[in-house]
Amino acid sequence: MDWHLVQKILVGLAVITTIWLSFRPQKRKQHADPTIAEADERERYVWRYARWAARTIQFIFFVWMLSMVMSFILT
């Protein structure tokens, strides 16, 4: 089997795995103590813009990497 074909198959599987891991829902821990749950919610609210910025940068990087991988697979 041609080494380039094996390499392209492995890259394709890595991309599929990355897409699956990136877009699956994140599970949040629910604390029994309402004080801790309220503090966690306040902290998420305070850091919301930083999380949005990080997700935006992650999405831009993902699109760039996806275009690089697709050009590699298609050549």
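A brief look at the structure comes next. Every chain begins its residue count from 1, and numbering advances along the sequence as written. The predicted nature of this model means local features are confined to residues of pLDDT at least 70 and side-chain atom pairs, given and counted, to a pLDDT of 80 or more, with totals for whole chains, interfaces and linings taken over all residues. Excluded from the side-chain calculations are hydrogens and water; all other atoms, namely the structure's heavy atoms, are used.

So, about the packing of aromatic side chains. Here is the rule: rings of Phe, Tyr and Trp (six-membered ring for Trp) pair when centre to centre is within 6.5 Å. Planes less than 30 degrees apart are stacked, more than 60 are edge-to-face, and the remainder are tilted. All told, the structure shown has two aromatic pairs when counted by the stated rule. Between the aromatic rings of Tyr 49 and Trp 52, the centroid separation amounts to 5.1 Å while the plane-to-plane angle is 85°, which identifies the pairing as edge-to-face. Here Tyr 49 and its partner Trp 52 are both found in helix H3 (residues 48–74), three residues apart, which amounts to about one turn of the helix. For the pair shown, Tyr 49 and Trp 52 are each scored as exposed. Taking 5.8 Å as the distance between ring centres and 40° as the angle between the ring planes, the aromatic pair formed by Phe 61 and Trp 64 counts as tilted. Highlighted residues: Phe 61 and Trp 64, both in helix H3, separated by three residues, approximately one helical turn. The secondary structure listing takes helices from DSSP runs of H or I that are at least 4 residues long and strands from runs of E that are at least 2 residues long, numbered from the N terminus. Remark: exposure states derive from per-residue accessible area (1.4 Å probe, protein chains only) relative to the maximum for the residue type, with buried under 20%, exposed over 50%, and partly exposed in between.

We define a salt bridge as a contact between a side-chain nitrogen of Lys or Arg and a carboxyl oxygen of Asp or Glu at a distance within 4 Å. Scanning the entire structure with this criterion turns up one salt bridge. The partner of Glu 41 in a salt bridge is Arg 44, and the shortest N-O contact between them spans 2.9 Å. Taken as a pair, Glu 41 and Arg 44 lie in helix H2 (residues 34–46) at a separation of three residues, close to a single helical turn. Classification of Glu 41 as partly exposed rests on a relative accessible area of 43%.

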